[in-house]
Structure formats: C-alpha cells, structure tokens
Amino acid sequence: MSSTFYPPQRTLMGPGPSDVSARVLAASARPTIGHLDPEFVGLMDDVKRLLQFAFQTRNELTIPLSAPGSAGMEAAFVNLLEPGDTAIVCQNGVFGGRMKENVERCGATAVMVQDRWGDPVDPEKVAAAIAANPNAKVLAFVHAETSTGVRSDAEQLCQLAKAAGMLTIVDAVTSLAGIDLQVDAWGADVVYSGTQKCLSSLPGIAPITFSADAVAAITSRTHKVQSWFLDMNLIMGYWGEGAKRAYHHTAPVNAIYALHESLLMLEEEGLQASFARHRDNHTALASGLADLGLELAVAEPWRLPQLNAVMIPEGKDDAATRSRLLADFNLEVGAGLGELAGKQWRIGLMGSSSHAVNINRCLSAFEAVLAS
Ligand SMILES: *Cc1c(COP(=O)(O)O)cnc(C)c1O
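Okay, so let's go over this structure. Here the structure is a predicted model, which is why all the values come from computation and not from measurement. (Residues numbered from 1 in each chain as written. Predicted model: local features only at pLDDT ≥ 70, side-chain atom pairs only at ≥ 80, totals over all residues. Heavy atoms only, no water.)

Quick notes on the sheet that holds strand E8 (residues 167-171)
Using the following cut-off: A pair of strands counts as paired when DSSP detects no fewer than two bridges linking them. Here a strand is any run of E in DSSP of at least two residues, a helix any run of H or I of at least four, and the numbering for each starts at the N terminus. Here an axis means a line fitted to C-alpha atoms, over the contact stretch when the element is a helix, while the angle between two N-to-C directions is reported on a 0 to 180 degree scale.
The sheet built from seven strands is open, its strands ordered E2-E10-E9-E8-E5-E3-E4 with mixed pairing. Two strands bound the open sheet, and with one partner strand each, they are strand E2 (61-65) and strand E4 (109-114). Mean inter-strand twist for the sheet, computed between neighbouring axes without regard to direction, equals 15°. In terms of strand pairing, E2 meets strand E10 (residues 206-210) through five bridges, oriented antiparallel.

In structure tokens, the structure reads:
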C-alpha cells in the first residue's frame, strides 16, 4: 500500500530549491480558484507589478511562465530566434552550454565565446565576437552561473550588445533578488529567472520579462515560434493587459499564490536590503569556512553571495561527505557540476536560506563531518 508522503525537514543550502518559508507555504495551501476567476485575474496583475519591481523594469510583458527556469531559457530563445539567425552565446559553466543547445534547436547558429569555468565572461572576447559577427541577432549569457558560483558583468555585456544593435538574453535564474539586476537601466531585452532560488518560492515557475524591442522582434517574426506552449504571441492573450483574458493553459494557481507571497516579502524587505543580506551572510559563511580550512573557488570580485563554490580538500570524499551532511544533519549542499564534479561543493545562501541560523548549522555540520 502507498501512503501519504511526509518529507523530512531539510535545510536547503544547495543550488536550489532554497528553503520555502512557512508564510509562502501557507499561501500555497489556500483554496484553489479558477484561473480565469476575476479574483485571480486581479492577483495576476499584482504579480506582474511585483515582478516588475523585482526585475527593476517597466516592461509591460513581465510575467511568470508556468514552467521551471529551463522553460524561461527556452522561451527566450524560441521567441527571439528564427531559422538562419545567429546568436553569440557566452559559456563559462553548465548553463551556457544549454543556451547553445537551445540556439541550435531553433535552426539558428551559435557562435560560442568560451571562458574557463570559474571565471566571469570576458567582455573583450565578447566585443571581438560581436565585431566578427555583426549580423548576429542576439547576445546570450548567464548573469549568475550557478554551476561555478560566478557573477558576470551583465551591465557591460548588455552595453556591448546594444551598441551593436543586438538583442540580449540574460539568464537571471540565480541572480534575481540575490544580487543587483537592473533590467531597464542595463538595457537587457529578455531576462528570465526561477522561483526556487533567491525568491524562495515553490519550484516550477519562471518569471520572465521582455523589452519593447524584444516584443517587436516577436510580433514581426516570419516563422511561427516552434513551441506552441511557449509562444509569447499566444501567452500574451492570457497574461496581457485588460479584462479580456483568453484561455491558453491552466495557470498553476496555488503556485502563483506562493510566488505572490514571496514577492510581497521581497517588497517588504526592499531590494537593496535583500542584496545586503545576501552579501553579509556570504561574508559570514566565507569567514567560517576559512576557519575550517575550506577555500572558496572563485576570485573575490566575481563571487556570488548566494552560491559559494568551495574546493573539496585533498583526501575528502565528495559523495560520502554530502551523504553524511544529509543523513546526520538534514543539510543539503550541492555537488560540483560538469567538469567541476568531485572538485567542488556548492553552498547556497539563497533567499530564505540566506540566514544566520543556516550558516551556523552548516559550519558546525561541516566541522563535525570533516573531523570524522
Ligand atoms: C537553476 C538554473 C536554471 C534552470 O532552472 P530550473 O528551474 O532548474 O529549470 C537555469 N539557469 C541557471 C543559471 C540556474 O541556476
């Protein structure tokens, strides 16, 4: 016989999901209503307003897609790119590689700008790629590379693309609400995120925003968007302005309640205060890790406060350590991804997980496990 599933109480300090607060969980447990109910339509408008606040944008087309961050990535590419287009894609970790896959599946060509995993995207290489490919339509990069714990200079990269008349696709899955992300001031065109990282809401939704230039590119396409579900021309009919919302798909109503609550909490805290909290908690964690003899992998100016890549010390077993942290301390930390597997741990301090209690729990757990 199967029975009700009661999950263990974990402390989530990996690359996401992060800890979901009791307040957000309670919001998700409220009664389900129809996705075209006038009360729900009012909530949709407020979610859009709060997302504009979080993204620091006035873009009208700023909505939560009903699918995880990966669908945000896919929506960005399938809507902007048409067969035969060229996109310059920066890769300095796992997620840049997924961008390349997306470009190619659109029938477009990806010109890759490669940087070492652990370094930021090099703007000089990007400038050279733009000069060599003046007809490229899009520059795509990851603002906060969760696989390596590295921030890239999104403002500078957007400026380079804009000066060349290119559109930008910015992966802000891990950056939104954790570090500064100024969509309008930086001139970013399509920026997507996820709910389970620094927003600390339920996994499974991708906030996304489109500039007026991006919308113009989408409405003037000559080929249909290859994905019916992610075609923004259709989704605009459901999430667009005004009362006449057309059925496109059934929104994940209760997950939207949760997202709304997490955005309210962000607004109450304030964006700058949230960034400062992430930064201060990162500093506290880094100093505690240093006391344990653990080294951070990324050069200081490019470290993400919400994702700390830690070198695994000589002689310590990656998987065995993480298993003991989980079994004995209910603590989840992340493994290295791709070429960093077995070499690094990734300790997340995202959203609600970025908290002094978690830092102390994490440091004492590591101390105990590494000593044994
Ligand atoms: C987590 C993550 C994604 C994918 O998000 P999912 O919600 O897991 O699909 C994409 N890009 C980056 C940088 C991420 O950290």
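Read on, since the account is not over.
A closer look at the sheet that holds strand E13 (residues 344-348)
Short version of the rule: Contacts between residues were defined by any pair of non-hydrogen atoms, one from each residue, lying within 4.5 Å.
Strand order across the open sheet formed by four strands is E1-E12-E13-E11, with mixed pairing between neighbours. Two strands bound the open sheet, and with one partner strand each, they are strand E1 (11-13) and strand E11 (307-311). The mean angle between the axes of side-by-side strands here comes to 30°, regardless of whether they run parallel or antiparallel. Across five bridges, E11 lies against E13 in antiparallel orientation. Residue pairing for E13: Met311 is matched across the bridge by Gln344. Its contacts with the sheet put helix H12 (residues 318-329) on strand E12 (331-335) and E13, and the angle it makes with E12 is roughly 160°. Taken strand by strand, helix H13 (residues 356-371) contacts E1, E12 and E13, and its axis lies near 85° from that of E1.

Focus on the packing of H12 against H13
As a reminder, the rule being used: The scheme is simple: roughly parallel for angles under 35 degrees, roughly antiparallel for over 145, roughly perpendicular for 65 to 115, oblique for anything else. Here is the rule for handedness: rotate from the far helix to the near one, and if that takes an anticlockwise turn smaller than a right angle the crossing is left-handed, while a clockwise turn gives right-handed. Each residue is assigned to one of three groups, with Ala, Val, Leu, Ile, Met, Phe, Trp, Tyr, Cys and Pro labelled nonpolar, Asp, Glu, Lys and Arg labelled charged, and all others, Gly among them, labelled polar.
Interaxial distance between H12 and H13 falls to 10 Å at its minimum, and their mutual angle equals 120°. By the angle between their axes, H12 is oblique relative to H13. The hand of the H12/H13 crossing is right-handed. Each of Thr321, Arg324, Leu325 and Phe329 in H12 lies in contact with H13, whose residues at this interface are Ala365, Phe366, Ala368 and Val369. Per-class residue counts for the contact of H12 with H13 are six nonpolar, one polar and one charged.

Points about the pairing of E2
Short version of the rule: Only protein chains enter the calculation, and the probe is 1.4 Å; a residue is then buried if its accessible area is under 20% of its type maximum, exposed if over 50%, and partly exposed in between.
Extensive coverage of E2 is indicated by the burial of five of its five residues. Neither face of E2 is exposed, since Leu61, Ile63 and Leu65 on one face and Thr62 and Pro64 on the opposite face are all buried.

Re the site of the ligand
Which entries qualify depends on this criterion: Here, proximity means that at least one heavy atom of the residue falls within 4 Å of the molecule or strand. Polar contacts, as used here, are pairs of N or O atoms within 3.5 Å; protein pairs need one atom able to donate a hydrogen and one able to accept it. Residues neighboring in sequence count only if both atoms are side-chain atoms. For the area figures, the Shrake-Rupley method with a 1.4 Å probe applies, and any residue is considered shielded solely by the protein chains shown.
The immediate surroundings of the ligand are formed by Pro68, Gly69, Ser70, Phe95, Val142, Ala144, Thr146, Asp171, Val173, Thr174, Gln196 and Lys197. Between a nitrogen atom of the ligand and a side-chain N or O atom of Asp171, the distance comes to 2.7 Å. For the ligand, an oxygen atom lies 2.7 Å from a polar atom in the side chain of Lys197. In isolation the ligand exposes 380 Å². Once the protein is present, 88% of that is buried. Here the residues of the shell around the ligand sort into five nonpolar, five polar and two charged.

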